[in-house]
Amino acid sequence: MHKEIAQLNQLWTDIYYNLRYNHEEKITHQNIRILQAIQKEEDVGIKEIAESIQVSHNTASEHVKRLLSKNYVFKTRSSEDERKVILKLTESGSDVLHRHSSLDEDKLNHILFEQMTDVERQFILDAFTLLKEKAIDVHNR
């Protein structure tokens, strides 16, 4: 592995570890990945969940049943094909996903607006925007 890749991974995990929310609910990493797929992709059903997390259709279905029972997701029908069931996040599901995959906004606010200059803050935003754009390019290949 290139030295820069190892360094970036270490920085990323350190940033997340120090700026993460304290988690209140019990939810598996696999279920967080499912919630992310539902949030980030369009028209996600069980088939797409199974492909996204690389499990069988039945396993994906069982995970989704648990998320439905916790009121983190709900089912709706595709507007293009009424036969297709689409999964959507509930408000509660969006909140749980945010707390388990985002950085704590209070901690970020403290760093960005109390410890950084305008120039430093813009530099961070520009760097993350560039990294996001390149990540989307790689994902869409």
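Residues numbered from 1 in each chain as written. Predicted model: local features only at pLDDT ≥ 70, side-chain atom pairs only at ≥ 80, totals over all residues. Heavy atoms only, no water.

1. Brief notes about the side chain of Asp-104
Here Asp-104 lies in the loop between helix H5 (91–101) and helix H6 (105–115). For the buried Asp-104, no salt bridge is present, and the opposite-charge side chain at shortest range is Lys-107, 4.5 Å distant. In contact with Asp-104, not counting residues within four places along its chain, are Leu-19, Arg-20 and Tyr-21. (Helix = DSSP H or I, 4+ residues; strand = E, 2+ residues; numbered from the N terminus. Buried < 20%, exposed > 50% of the residue type's maximum accessible area, 1.4 Å probe, protein only. Lys, Arg positive; Asp, Glu negative; His and termini not counted. Salt bridge = Lys/Arg side-chain N within 4 Å of Asp/Glu carboxyl O. Contact = heavy atoms within 4.5 Å.)

2. A few points about a negative patch on the surface
Together, Glu-41, Glu-42, Asp-43 and Glu-80 give the surface a local cluster of negative charge. Relative to the assigned elements, Glu-41 resides in the loop between helix H2 (29–40) and helix H3 (46–53). With relative accessibility at 40%, the residue Glu-41 sits in the partly exposed group. (Patch = residues over 30% accessible without salt bridge, like charges linked within 9 Å, V, L, I, M, F, W, Y side chains within 5 Å. Areas by Shrake-Rupley, 256 points an atom, 1.4 Å probe, with all protein chains shown as cover. Charge placed at Lys NZ, Arg CZ, Asp CG, Glu CD.)

3. A few points about the packing of aromatic side chains
A complete count under the given rule lists 1 aromatic pair for this structure. Arranged with centres 6.2 Å apart and planes meeting at 40°, the rings of Trp-12 and Phe-128 form a pair that is tilted. Of this pair, Trp-12 sits in helix H1 (residues 3–19) while Phe-128 sits in helix H7 (residues 118–139), and the two are 116 residues apart along the sequence. The cationic tip of Arg-20 hangs over the ring face of Tyr-17; the distance from NZ or CZ to the ring centre is 4.1 Å. (Phe/Tyr/Trp six-rings, centres within 6.5 Å; stacked < 30°, edge-to-face > 60°. Lys NZ or Arg CZ within 6 Å of the ring centre and 35° of its normal.)

4. Quick look at the domain arrangement of the protein chain
According to the domain assignment, the protein chain contains domain 1 (1–20 + 103–140) and domain 2 (22–102). Each of domain 1 and domain 2 has a C-alpha centre, and the two are 26 Å apart. Listed by partner, the interface residues are 6 residues for domain 1 and 7 residues for domain 2. The junction of domain 1 with domain 2 conceals about 460 Å² of combined surface from both sides, 33% of it contributed by carbon and sulfur atoms. If you look at where domain 1 meets domain 2, you find 0 salt bridges. If you look at where domain 1 meets domain 2, you find 3 residue pairs in polar contact (both at pLDDT 80 or more). Residue composition of the side of domain 1 that touches domain 2, grouped by class: 2 nonpolar, 1 polar and 3 charged. (Domains from an automatic or database assignment. Buried area = accessible area lost by both parts, 1.4 Å probe. Polar contact = N/O pair within 3.5 Å; in protein donor to acceptor, adjacent residues only side chain to side chain. Nonpolar A, V, L, I, M, F, W, Y, C, P; charged D, E, K, R; others polar.)

5. Things to note about the pattern of salt bridges
For the structure shown, the criterion picks out 5 salt bridges. With a shortest N-O distance of 3.3 Å, Lys-65 and Glu-62 are connected by a salt bridge. Remark: Glu-62 and Lys-65 occur in helix H4 (residues 57–69); sequence separation between them is 3 residues, near one turn of the helix. According to the relative accessible area criterion, Lys-65 is partly exposed, its value standing at 47%. For Glu-62, a relative accessible area of 37% translates into the label partly exposed. Between Arg-121 and Asp-118 there is a salt bridge, with the nearest N and O atoms lying 2.3 Å from each other. Here Arg-121 pairs with Asp-118, and both are found in helix H7, just 3 residues apart, close to one helical turn. Accessibility expressed as a relative area gives 14% for Arg-121, which makes it buried.

6. With respect to the environment of Gln-54
You can see Gln-54 is positioned in the loop between H3 and H4. By relative accessible area, which is 69% here, Gln-54 ends up exposed. When the C-alpha atoms of Gln-54 and His-23 are compared, they prove to be 25 Å apart, with 31 residues separating the residues in sequence.

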